[in-house]
Amino acid sequence: MFSSIAPLARLNPFYAPHFQLAQDGVRKRTEPAEAPTSRRSLAAASAAEEYSCEYGSLKFYALCGVGGVLSCGLTHTAVVPLDLVKCRMQVDPQKYKSIFNGFSVTVKEDGVRGLAKGWAPTFIGYSMQGLCKFGFYEVFKILYGNMLGEENAYLWRTSLYLAASASAEFFADIALAPMEAAKVRIQTQPGYANTLREAVPKMFGEEGIWAFYKGVAPLWMRQIPYTMMKFACFERTVEALYKYVVPKPRSECTKGEQLVVTFVAGYIAGVFCAIVSHPADSVVSVLNKEKGSSASQVLMRLGFKGVWKGLFARIIMIGTLTALQWFIYDSVKVYFRLPRPPPPEMPESLKKKLGLTE
């Protein structure tokens, strides 16, 4: 599949314009009589000076996956204490009445080390999720963009972001589900298990393989809307920031300035993500704590007010997480010299159709 996508990537409106211009410039400087193979090699050499790989190549997707592992694995592990308190507020609101009360009760009962409960399944699970989420997002964005064509991909770009991110998250949640189930058991069931090595065999012995995947449907309910908001809101916010806020074009911004825009856009997207996905997050937390309950039963029992418990903690956590994830992901692209296409611009063919050019 990748081999069929890569040659078409240059036709995508998200393909970096300056990369295309660099190739075109090489072709213009080449003598007409020179062999086509020589022209291609010169174009590749020119691109290699600026980028480590071609946009849409297997290496590009692989390194994007590495960026996803680092951005999701590290950030989710860093906020394990806040996540632990948030989960406990959702499953036992009588005991853990607020964020500060939750931290106080946890430290009193388990000590400071108790705040790190569940760090191992968090790191493994969200690293796998990040690999699939960011790696497949790039794959599906190019694939769907090619299917739509240059003009439609621009006109329907928000729908393109939504479809690509939803497709990527579908697979990412399958990778995340086993570790998420173990994490919630460790964090919300006192005395059940203190480590991943204790939790996994115990869960398998009680419920078999179903114990690790019974939460995948609620995960889709939580994570797919979250990821759709995360990617679509981020992409359009970046576009808006460069258009209305940043005083100069992206091409004139330094790498550092571009990363600041990435962080700001990521935080804005994160706030919306937290609100959209919180009800399903509450259901997942309770479902993985209880045996024999279904998502619909938990939802009915929690009620409208119950599913919003812990929202403030989640906004702080997810806003910060999302901003840091995009910052780390973009930093990885900069470090490995990956193509980073600027916000999409209207194709010349569409401008002519709309009478915007002479």
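Residues numbered from 1 in each chain as written. Predicted model: local features only at pLDDT ≥ 70, side-chain atom pairs only at ≥ 80, totals over all residues. Heavy atoms only, no water.

**What to know about the confidence of the model for the protein**
Looking at the protein as a whole, the pLDDT averages 82, with 85% of positions reaching at least 70. In this model, residues 1-48 is a region of pLDDT below 50 whose contacts with residues beyond four sequence positions or in other chains number 65 contacts. (pLDDT = per-residue confidence, 0-100. Contact = heavy atoms within 4.5 Å.)

**Overview of the environment of G215**
For G215, the location among the structural elements is in the loop between helix 11 (210-213) and helix 12 (216-245). Judged by its relative accessible area of 7%, G215 is buried. Once the C-alpha coordinates of G215 and A181 are considered, the two residues, 34 residues apart in sequence, prove to be 7.0 Å apart. (Helix = DSSP H or I, 4+ residues; strand = E, 2+ residues; numbered from the N terminus. Buried < 20%, exposed > 50% of the residue type's maximum accessible area, 1.4 Å probe, protein only.)

**Considering the packing of helix 9 (residues 157-188) against helix 12**
Look at helix 9 against helix 12: their axes get within 7 Å of each other, and the N-to-C directions meet at 140°. The angle between helix 9 and helix 12 places the two elements in the oblique class. Every pair of crossing elements has a handedness; the one defined by helix 9 and helix 12 is right-handed. (Axes fitted to C-alpha atoms, helices over the stretch in contact; angles between N-to-C directions. Parallel < 35°, antiparallel > 145°, perpendicular 65-115°, else oblique. Left-handed = near helix turned anticlockwise from the far one by under 90°.)

**Comments concerning the packing of aromatic side chains**
For the coordinates displayed, the defined rule picks out 18 aromatic pairs. Aromatic side chains F136 and F171 sit 5.6 Å apart centroid to centroid with 45° between the ring planes, which places their arrangement in the tilted category. Taken as a pair, F136 in helix 7 (residues 119-148) and F171 in helix 9 lie far apart in primary sequence, 35 residues in all. Judged by its relative accessible area of 30%, F136 is partly exposed. Ring geometry for W326 against Y329: centres 5.9 Å apart, planes inclined by 75°, an arrangement best described as edge-to-face. Residue W326 and its partner Y329 are both found in helix 15 (residues 311-335); the two are separated by three residues, about one turn of the helix. Like W326, the residue Y329 is buried in the burial classification. Following the ring pairs from residue to residue traces out a cluster consisting of F134, Y137, F231, F234, W326 and Y329. Over the face of the ring belonging to Y154 we find R157, whose NZ or CZ atom lies 4.3 Å from the ring centre. Sitting over the face of the ring of Y192, K202 holds its NZ or CZ atom 4.4 Å from the ring centroid. (Phe/Tyr/Trp six-rings, centres within 6.5 Å; stacked < 30°, edge-to-face > 60°. Lys NZ or Arg CZ within 6 Å of the ring centre and 35° of its normal.)

**Quick notes on a nonpolar patch on the surface**
On the surface, a nonpolar cluster with roughly 690 Å² of combined accessible area is contributed by V66, L70, L74, W119, F123, I124, M128 and L131. Breaking the nonpolar patch down by element, the ones donating at least two residues are helix 4 (58-78) and helix 7. Within the secondary structure, L131 sits in helix 7. A relative accessible area of 36% places L131 in the partly exposed class. (Patch = residues over 30% accessible without salt bridge, like charges linked within 9 Å, V, L, I, M, F, W, Y side chains within 5 Å. Areas by Shrake-Rupley, 256 points an atom, 1.4 Å probe, with all protein chains shown as cover. Salt bridge = Lys/Arg side-chain N within 4 Å of Asp/Glu carboxyl O.)

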